[in-house]
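# Observations on the three-dimensional arrangement
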Amino acid sequence: MALSSRAHAFSVEALVGRSAKRKVPEGRDEEPGPGCRPARRAPEPEKRPKAGVQVELQGSELWRRFHDIGTEMIITKAGRRMFPSVRVKVKGLEPLQQYYIAIDVVPVDSKRYRYVYHSSQWMVAGNTDHSCITPRLYIHPDSPCSGETWMRQIISFDRVKLTNNEMDDKGHIILQSMHKYKPRVHIIAQDSRFDLAQIQSLPAEGVQTFSFQETEFTTVTAYQNQQITKLKIDRNPFAKGFRDPGRNRGVLDGLLDSYPWRPPLALDFKAFGADSHGKS
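Residues numbered from 1 in each chain as written. Predicted model: local features only at pLDDT ≥ 70, side-chain atom pairs only at ≥ 80, totals over all residues. Heavy atoms only, no water.

### Quick look at helix α5 (residues 226-235)
Of the residues making up α5, those classed as buried are I228, L231 and K232. Projected onto a plane normal to the axis of α5, the buried residues spread over an arc of 100° and lie on a single side. Exposed side of α5, more than 90 degrees from the buried face: Q226 and K230 are the residues found there. Where α5 is buried, its residues contact α3 (60-69) and β2 (72-74). Its side-chain oxygen at 2.9 Å from the backbone nitrogen of Q227, N225 defines the N-terminal cap of α5. (Buried < 20%, exposed > 50% of the residue type's maximum accessible area, 1.4 Å probe, protein only. Helix = DSSP H or I, 4+ residues; strand = E, 2+ residues; numbered from the N terminus. Arc of directions from axis to C-beta. Contact = heavy atoms within 4.5 Å. Polar contact = N/O pair within 3.5 Å; in protein donor to acceptor, adjacent residues only side chain to side chain.)

### Here we look at the environment of L196
Positionally, L196 belongs in the loop between β13 (180-189) and β14 (207-211). When near neighbours in sequence (up to four residues on either side) are disregarded, L196 contacts Y100, I139, I188 and P203.

### Regarding the sheet that holds strand β11 (residues 161-163)
Taking strand neighbours across the sheet as the criterion, the three strands line up as β3-β11-β12 in an open arrangement whose pairing is mixed. Looking along the sheet, the strands with just one partner apiece sit at the ends: β3 (80-81) and β12 (173-174). Examined bridge by bridge, β3 and β11 share two bridges and lie antiparallel to one another. Bridge pairing in β11 links R80 to L162. (Pairing = 2+ DSSP bridges.)

### Remarks on the pattern of salt bridges
Opposite charge on two side chains allows them to pair when their charged atoms are near. Enumeration over the complete set of coordinates arrives at four salt bridges. When the shortest N-O distance is used, the salt bridge between D104 and R184 registers 2.8 Å. A residue pair is termed long-range when its members are at least 10 positions apart, and D104 in strand β5 (residues 98-107) and R184 in strand β13 qualify at 80 residues. (Salt bridge = Lys/Arg side-chain N within 4 Å of Asp/Glu carboxyl O.)

Written out as structure tokens, the structure is:
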């Protein structure tokens, strides 16, 4: 039975044909029907992150023990070495490239602190101005060295000394007492345009800087926290004299024995008429 043109417009064939010829926005693929599978695209090559320089803090467990209590570092006019000292392991350097490795110590904030004994904690005592002291750069004595050589060893800054002498001319790092600081390690690619051994500040290019939260410390002229004192004595290999008083006593006795003391004075009481059988 033939359908009229108006009835044919609503027939199944017309409706199916209209949905099959549906327009899609320009630039988009036509959505597949429920029975069609989307075309499988070729997998894109994986984008691997570029390998960068990595610096790992050595002795981090000991640093964390101090940090949990509140690390204190002694500073003196003559300069005092840090304990724990900053030691790092470096990875990701160019093997043939020459590098300088340096350290400096910068303020954590612009505050001055004081130690409250009844609560055993540090409290803010006021603001301060660090602008009068320019952070000094300590260049590791093995610099410059190839990346291959640096990566084979543990880089130690155990010779760094801290001082509160603003007129220091020995290259020690100048800090203010009762302030919080953090060490920073710098890896500097050698540049023929300048000699890092002759400059006292970081160049504008070719520098990668690393710091570790657990190495933050407060500067003091005498330890404030007794727990810090005990931990320093227990773990510092140069504090053996404090842990072994008998050893110091033996050294002292040896010095006394070697001194030309006079023999003890012997008295003959008979010369004074004393009775050796009980009378004095």
